[in-house]
Amino acid sequence: MQRALALSAQALQEPGTEPFGAVVVKDGVIVGEGFNHSVAHHDPTSHGEVEAIRDACRKLGTVNLSGCELYTSCEPCAMCVAAMHIAGIAKLYYAASLAQSGEAFEGVTVAARHPIDVEALRIEAGATLAQRSLSAEQKMDREAVGILSDWAATRRAS
């Protein structure tokens with residue numbers, strides 16, 4: 001947790017970063033680090049947790065982080081939790097809660113992007129496609145399923 005907080009503090013000195021740091025730990029060793037580079041990378045998915053997962057996957061040469069733990073300076077958003085779940089993170093440790101970070105950021109405007117409505121994100125992430133507020137329309141599903149089936153066939157033959 002100390003390293004996650006150190007990364008969070010380091011972000012205060014680096015343009016285009018926000019104070020959210022995270023580390024991935026495997027067997028007591030840090031295998032991935034990251035902090036929020038959303039503005040610097042022009043990437044709204046570049047949260048500290050996602051960057052730490054990306055770093056760990058590259059260093060370990062895998063997308064399977066089963067058994068790893070993630071330490072983060074702030075309770076993660078729904079997107080980051082989804083990334084942790086997909087990667088197989090076994091346990092999460094966090095410092096500030098989302099409520100505490102919201103209180104700390106009260107009155108702050110972020111010119112580079114719109115503020116994240118954490119509650120709306122939770123609702124959207126858990127909703128079925130038909131229940132989401134994002135307009136969606138299916139197109140060319142037969143073609144897409146054909147490609148997916150071709151890919152799956154190559155995996156079954158192995």
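Residues numbered from 1 in each chain as written. Predicted model: local features only at pLDDT ≥ 70, side-chain atom pairs only at ≥ 80, totals over all residues. Heavy atoms only, no water.

## Considering the overall build of the protein chain
Each helix and strand counted, the protein chain has seven helices and four strands in total. Listing each helix as α and each strand as β along the protein chain from the N terminus yields α-β-β-α-α-β-α-β-α-α-α. Out of the 158 residues belonging to the protein chain, those deemed buried represent 30%. Nonlocal contacts in the protein chain, meaning residues at least 24 apart in sequence, comprise 44% of its contacts between residues at least 6 apart. Here the protein chain displays about 10,300 Å² of accessible surface, and carbon together with sulfur accounts for 58% of that area. For the protein chain, the separation between the mean place of its 13 positive charges and that of its 19 negative charges on side chains is 8 Å. (Helix = DSSP H or I, 4+ residues; strand = E, 2+ residues; numbered from the N terminus. Buried < 20%, exposed > 50% of the residue type's maximum accessible area, 1.4 Å probe, protein only. Contact = heavy atoms within 4.5 Å. Areas by Shrake-Rupley, 256 points an atom, 1.4 Å probe, with all protein chains shown as cover. Lys, Arg positive; Asp, Glu negative; His and termini not counted. Charge placed at Lys NZ, Arg CZ, Asp CG, Glu CD.)

## Some words on the side chain of Ser-73
As for its placement among the helices and strands, Ser-73 is situated in strand 3 (residues 69-74). With a relative accessible area of 6%, Ser-73 lands in the buried category. The contacts of Ser-73, once residues within four sequence positions are left out, are Ala-4, Leu-5, Ser-8, Pro-19, Phe-20, Gly-21, Ala-95 and Ala-96.

## Focus on the sheet that holds strand 4 (residues 91-96)
Spatial strand order, 2-1-3-4: four strands in an open sheet with mixed pairing. Of all strands in the sheet, those with a lone pairing partner are strand 2 (29-36) and strand 4, marking the two edges. Taken over all neighbouring pairs, the strand axes of this sheet differ in orientation by 15 degrees on average, direction set aside. Sheet topology note: the strand 3/strand 4 ladder contains five bridges and is parallel. Each bridged residue has a counterpart across the sheet, and for Tyr-71 the counterpart in strand 4 is Tyr-93. Across the sheet, helix 3 (residues 48-60) touches strand 1 (18-26), strand 2 and strand 3, and the angle it forms with strand 2 is around 140 degrees. (Pairing = 2+ DSSP bridges. Axes fitted to C-alpha atoms, helices over the stretch in contact; angles between N-to-C directions.)

## Considerations on unusual backbone geometry
The backbone phi angle of Asp-27 is positive, close to 50 degrees, even though this residue is not glycine. Looking at the element boundaries, Asp-27 is found in the loop between strand 1 and strand 2. In this structure, His-42 takes a positive phi of about 50 degrees despite not being glycine. Within the secondary structure layout, His-42 lies in the loop between helix 2 (38-41) and helix 3.

## Re the nonpolar core
Counting residues in hydrophobic clusters, the biggest one holds 16 residues, and the most contacted among them are Val-24, Ile-53, Leu-65, Leu-70, Met-84 and Ile-89. Among the elements of the structure, strand 1, helix 3 and helix 4 (78-87) are those that each provide at least two residues to this core. Sorting elements by how many residues they give to this core places helix 3 first, with five residues. Leu-65 has contacts with Val-24, Ile-53, Ala-56, Cys-57, Leu-60, Ala-87, Gly-88 and Ile-89, leaving out every residue within four places of it along the chain. Ranked by size, the runner-up nonpolar core spans seven residues in total, among them Ala-4, Leu-7, Ala-11 and Val-23. (Core = buried A, V, L, I, M, F, W, Y, C linked by side-chain atoms within 4.5 Å.)

## Quick notes on the pattern of salt bridges
This model, assessed by the stated rule, comprises five salt bridges. Asp-43 serves as the salt-bridge partner of Arg-54, at 3.6 Å between the closest nitrogen and oxygen. On the criterion of sequence distance, the pair formed by Arg-54 in helix 3 and Asp-43 in the loop between helix 2 and helix 3 is long-range, its members being eleven residues apart. A residue is classified by how much of its surface remains accessible, and Arg-54, at 30% relative accessible area, is partly exposed. In this structure, Lys-59 engages Asp-55 in a salt bridge whose closest nitrogen and oxygen atoms are separated by 3.1 Å. (Salt bridge = Lys/Arg side-chain N within 4 Å of Asp/Glu carboxyl O.)

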